Amino acid sequence: MKKKGKTLVALILIFFISLSTVSCKNGDYKDKKTIKIGVLCYDERDTFLRELFSCLKEDFSKYESDDLKISLNILGSNNSQRLQNEQAEEMMDDGVDVLCVNLVDRTAPSKIIDKARSKDIPIVFFNRELVDEDLMQWSKLYYVGANAKMSGNLQGKLASDAIKNNPSIDKNLDGKIQYVVMQGQPGHQDSIIRTENSVSKILDSGIKLEKIGTSIANWNRSSAETKMKEYIDQYGSDIELVLCNNDDMALGVIDAYNRSDITESSRPLVFGVDGNEVALSAVINGDLSGTVYNDKESQAEGISKLAMKLAKNENLTDLNLIKGKYLIYGYYPITKDNVEKYLKR
Ligand code: BGC
Ligand code: CA
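Residues numbered from 1 in each chain as written. Chains lettered and ligands numbered in written order. Predicted model: local features only at pLDDT ≥ 70, side-chain atom pairs only at ≥ 80, totals over all residues. Heavy atoms only, no water.

1. Some remarks on the coordination of the calcium ion (ligand 2)
Okay, step 1: Distances from the calcium ion (ligand 2) to its protein donors, D170 (OD), N172 (OD1), D174 (OD), K176 (O), Q178 (OE1), E240 (OE) and E240 (OE), fall at 2.2 to 2.5 Å.
Okay, step 2: On the primary sequence, the residues serving as donors to the calcium ion (ligand 2) are separated as D-x1-N-x1-D-x1-K-x1-Q-x61-E. On the criterion of sequence distance, the pair formed by N172 in the loop between helix 6 (148-165) and strand 6 (177-183) and E240 in the loop between helix 8 (221-235) and strand 8 (241-244) is long-range, its members being 68 residues apart. (Donors = N, O, S within 2.8 Å, 3.2 Å for Na, K, Ca; no water. Helix = DSSP H or I, 4+ residues; strand = E, 2+ residues; numbered from the N terminus.)

Okay, here's the thing in structure tokens:
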């Protein structure tokens with residue numbers, strides 16, 4: 001009887017243990033072994049985004065383990081919102097857990113939002129900021145980006161400091177700085193706000209400005225070179241300052257001067273934003289007067305952290321989201337004096 005009792009207990013125990021391993025396996029299965037993340041961007045040739053994505057890949061890979069695989073699919077949308085809507089739809093039909101979207105047209109997110117909502121797939125928008133009302137359309141929409149106003153102010157401060165420290169910048173000694181602006185894509189928050197704040201910061205410092213022209217070069221190096229060549233053809237060495245909404249356009253401006261016959265001492269100050277790899281070298285060799293660091297490391301970390309929590313359905317409190325929706329990072333000024341620090345990042 002005693003022996004029989006023990007055997008029964010042992011059998012029951014084995015039954016429970018095997019039940020619990022089965023349910024544990026089922027649990028694992030439900031928790032998924034693969035998390036699928038879809039990433040869409042307006043144009044995969046964009047230098048800043050390419051550098052951001054290399055951080056992003058590294059960040060997501062840190063979440064991988066023996067039990068968890070992350071499948072990350074990054075696609076460019078060739079500057080077409082229509083194409084991006086289709087790509088988003090395909091990714092969602094394909095069962096992504098979270099979609100990360102850099103909109104082509106930041107005022108046209110509705111098609112993607114509607115689909116996401118119908119499939120209950122959270123979206124992390126980044127870099128191209130949608131208007132507040134659009135982000136409030138549904139609870140599972142988020143935005144990761146940077147403080148555009150700060151980048152403009154910092155660029156303006158770099159320029160005004162350089163002008164004050166170097167009176168010979170006013171080449172024609174007329175007490176005013178003749179300047180040109182190279183703008184990013186129209187409608188992009190970073191084009192509008194950077195230009196406005198950079199210029200007003202210089203004026204606030206007491207420097208007088210005279211605008212020679214503003215051109216739209218769509219964030220693009222070769223477009224900026226073409227536009228700058230036109231100014232050089234028309235104004236020769238009269239330009240004293242060029243403010244560029246990003247580094248690629250600043251590098252295009254420098255290309256135009258390098259292909260002109262204007263000697264180095266007669267060239268303007270040139271400022272950018274981003275602190276991309278090539279631009280940092282241009283700061284070191286003195287071609288680029290300064291730039292403003294667009295903190296891709298923090299932005300990528302924010303995107304990956306948020307996306308992973310959403311995929312795992314975890315609580316977001318420790319992310320301290322602004323209004324429960326936004327992660328916004330700062331910018332940092334870069335000159336020859338501190339550029340080394342950014343090379344090492
Ligand atoms: C960057 C640009 C980039 C743009 C893309 C901006 O924040 O400064 O370099 O082209 O984002 O949307
Ligand atoms: Ca002048």
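From this point, the discussion proceeds with the structure in view.
2. Details of the domain arrangement of the protein chain
Okay, step 1: Segmenting the protein chain into domains produces domain 1 (32-146 + 296-329) and domain 2 (149-294 + 336-343).
Okay, step 2: Computed over C-alpha atoms, the centres of domain 1 and domain 2 are 32 Å apart.
Okay, step 3: Between domain 1 and domain 2, a total of about 1,100 Å² is buried, with carbon and sulfur atoms accounting for 31% of that surface.
Okay, step 4: Three residues, F48, E51 and R106, lead the burial of domain 1 against domain 2; their summed loss comes to 37% of the area buried on that side.
Okay, step 5: Counting across the domain 1 and domain 2 interface gives 0 salt bridges.
Okay, step 6: Viewed at the interface, domain 2 and domain 1 are joined by 11 residue pairs in polar contact (both at pLDDT 80 or more).
Okay, step 7: Elements supplying a minimum of two residues to the side of domain 1 that touches domain 2: helix 2 (47-61), strand 5 (141-146) and helix 11 (296-311).
Okay, step 8: Residues that form the side of domain 1 that touches domain 2 fall into these classes: 4 nonpolar, 4 polar and 7 charged. (Domains from an automatic or database assignment. Buried area = accessible area lost by both parts, 1.4 Å probe. Salt bridge = Lys/Arg side-chain N within 4 Å of Asp/Glu carboxyl O. Polar contact = N/O pair within 3.5 Å; in protein donor to acceptor, adjacent residues only side chain to side chain. Nonpolar A, V, L, I, M, F, W, Y, C, P; charged D, E, K, R; others polar.)

3. A few points about unusual backbone geometry
Okay, step 1: One non-glycine residue, N313, lies in the positive phi region at around 60°.
Okay, step 2: Tracing the chain through its elements places N313 in the loop between helix 11 and strand 11 (326-329).
Okay, step 3: Even without being a glycine, K323 presents a positive backbone phi close to 50°.
Okay, step 4: Mapped onto the secondary structure, K323 falls in the loop between helix 11 and strand 11.

4. Thoughts on helix 11
Since the α-helix packs 3.6 residues into each turn, any two residues three or four apart lie on the same face.
Okay, step 1: Between its terminal C-alpha atoms helix 11 stretches 22 Å, which fits the 22 Å expected from 16 residues at 1.5 Å a residue.
Okay, step 2: For helix 11, a buried count of 12 out of 16 residues is recorded, marking the element as mostly surrounded by other parts of the structure.
Okay, step 3: If you check which residues of helix 11 are buried, you get K296, S298, Q299, A300, G302, I303, S304, L306, A307, M308, K309 and L310.
Okay, step 4: Note on helix 11: the residue one or two positions beyond its end, N313, has a positive phi of about 60°. (Expected span 1.5 Å × (residues − 1). Buried < 20%, exposed > 50% of the residue type's maximum accessible area, 1.4 Å probe, protein only.)

5. With respect to the site of ligand 1
Okay, step 1: In the region of ligand 1, the neighbouring residues are Y42, D46, F48, N127, R128, H188, D190, R194, W219, N246, D274 and N294.
Okay, step 2: Here an oxygen atom of ligand 1 and a side-chain polar atom of R194 are 2.9 Å apart.
Okay, step 3: Here N246 contributes a side-chain N or O atom positioned 2.9 Å from an oxygen atom of ligand 1.
Okay, step 4: Considered on its own, ligand 1 offers 310 Å² of accessible surface; in the complex 99% of this is hidden by protein.
Okay, step 5: Residues that form the shell around ligand 1 fall into these classes: 3 nonpolar, 4 polar and 5 charged.
Okay, step 6: Of the residues that make up the shell around ligand 1, three or more belong to each of domain 1 (32-146 + 296-329) and domain 2 (149-294 + 336-343). (Near = heavy atom within 4 Å. Areas by Shrake-Rupley, 256 points an atom, 1.4 Å probe, with all protein chains shown as cover.)

6. Description of the packing of helix 3 (residues 81-93) against helix 4 (residues 110-119)
Okay, step 1: One can describe the packing of helix 3 onto helix 4 by two numbers: an axis separation of 9 Å at closest approach and a directional angle of 10°. Comparing their axes, helix 4 and helix 3 come out roughly parallel. Along its contact with helix 3, which presents Q81, Q84, N85, A88, E89, M92 and D93, the element helix 4 presents K111, I112, K115, A116 and K119.
Okay, step 2: Considering only residue class, the contact of helix 3 with helix 4 consists of 4 nonpolar, 3 polar and 5 charged. (Axes fitted to C-alpha atoms, helices over the stretch in contact; angles between N-to-C directions. Parallel < 35°, antiparallel > 145°, perpendicular 65-115°, else oblique. Contact = heavy atoms within 4.5 Å.)

7. Let's talk about the pattern of salt bridges
Okay, step 1: Inspection of the entire model under this criterion finds 19 salt bridges.
Okay, step 2: For the salt bridge of K119 with D93, the shortest nitrogen-to-oxygen distance reads 3.4 Å. Residue K119 is located in helix 4, and its partner D93 is located in helix 3; the two are separated by 26 residues in the primary sequence.
Okay, step 3: What makes K119 partly exposed here is its relative accessible area of 37%.
Okay, step 4: On the basis of relative accessible area, D93 is assigned to the partly exposed category, the value being 47%.
Okay, step 5: For R194, the salt bridge goes to D190, with nearest N and O atoms at 3.4 Å. Of this pair, R194 and D190 are both found in helix 7 (residues 189-204), 4 residues apart, which corresponds to roughly one turn of the helix.
Okay, step 6: You can call D190 buried: its relative accessible area is 5%.
Okay, step 7: One salt-bridge network, held together by shared partners, links E89, D93, K115 and K119.

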